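Chains, contacts and geometry: an overview
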Amino acid sequence: MSEIRKARVATASLAGCFGCHMAILDMDERLIDLMSKVEIDRSPLTDFKTFTRRCDIGIIEGGCCNEENVHVLREFRRNCDVLIALGQCAIMGGLPAMRNAIMHSDAPLRECLEEAFITGRYIENKTHNIPNDPALPLLLDEVYPCSAVVEIDYNIPGCAPSGEVIHDTLIALLAGRFQGFERERIRFD
Ligand code: SF4
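Here's a quick rundown of the structure. Because the structure is a prediction, the values reported are computed rather than measured.

**Quick look at the sheet that holds strand β7 (residues 154–156)**
- In space, the 5 strands of this open sheet follow the order β2-β1-β3-β5-β7, with parallel pairing throughout. A strand with exactly one partner marks an edge of an open sheet, and here the two such strands are β2 (38–40) and β7. With direction set aside, neighbouring strand axes in the sheet form an average angle of 30°.
- Along the sheet, helix α3 (residues 67–79) makes contact with β1 (7–13), β3 (55–61) and β5 (80–86), crossing β5 at roughly 135°.
- Its contacts with the sheet put helix α6 (residues 163–174) on β1, β2, β3, β5 and β7, and the angle it makes with β3 is roughly 155°.

Here's what the structure looks like:
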């Protein structure tokens, strides 16, 4: 008798703080239940840098602040049947998108970088240079939510979402019975 194959899940952290990946680990003992149903492919959790096979579910933490984020996100969209934006950074840009609010300058990105690397109150930068090594990914003009770059199938809200909600959502999706969140489970006030 052939064994039922486990679902393949991949994860990525773009412009995020890894808090949403910590929330995945925060499923605690539920992880044991989940791992009986899924295997992890490309992910910081496995340290696989590329997809080994097509995946059923891709989970994205963080929005897009640079060209590498856009590249990775598009690869996930191409290689995953279902794509989930996990947490507020992926859904709406989150904290990194605070730089989008610097609109009082003709060059808001440059102004932001100057404050971060040169003029900021606690900055000690003897070279007065903004890092520009060619190996660094090119920054985008703004930080974009994942849905501005590719089609996203599901959002799991929160900063970070609870491990319990992530677990229950994945289990429901794998069983084909996800019907949205109960309001009480995604209230943060
Ligand atoms: Fe970190 Fe919150 Fe963004 Fe998740 S949503 S990556 S926990 S700041």
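**Comments concerning the site of the ligand**
- By nearness alone, every residue bordering the ligand is listed as Gly16, Cys17, Gly19, Cys20, Glu61, Gly87, Gln88, Cys89, Gly158, Cys159 and Ala160.
- Its residues placed into classes, the shell around the ligand shows 5 nonpolar, 5 polar and 1 charged.

**Looking at the packing of aromatic side chains**
- Taken as a whole and judged by the stated rule, the model has 3 aromatic pairs.
- Relative to Phe178, the ring of Tyr154 lies with its centre 5.4 Å away and its plane at 90°, an arrangement referred to as edge-to-face. In this pair, Tyr154 sits in strand β7 while Phe178 sits in the segment after α6, placing the two residues 24 residues apart along the sequence.
- Exposure remark for Tyr154: the relative accessible area of 30% places this residue in the partly exposed category.
- Aromatic ring contacts, followed pair by pair, group Tyr154, Phe178 and Phe181 into a single cluster.

Definitions and limits used
- Residues numbered from 1 in each chain as written.
- Predicted model: local features only at pLDDT ≥ 70, side-chain atom pairs only at ≥ 80, totals over all residues.
- Heavy atoms only, no water.
- Pairing = 2+ DSSP bridges.
- Helix = DSSP H or I, 4+ residues; strand = E, 2+ residues; numbered from the N terminus.
- Axes fitted to C-alpha atoms, helices over the stretch in contact; angles between N-to-C directions.
- Contact = heavy atoms within 4.5 Å.
- Near = heavy atom within 4 Å.
- Nonpolar A, V, L, I, M, F, W, Y, C, P; charged D, E, K, R; others polar.
- Phe/Tyr/Trp six-rings, centres within 6.5 Å; stacked < 30°, edge-to-face > 60°.
- Buried < 20%, exposed > 50% of the residue type's maximum accessible area, 1.4 Å probe, protein only.

Honestly, that's just the spatial picture; any functional story needs more than this.
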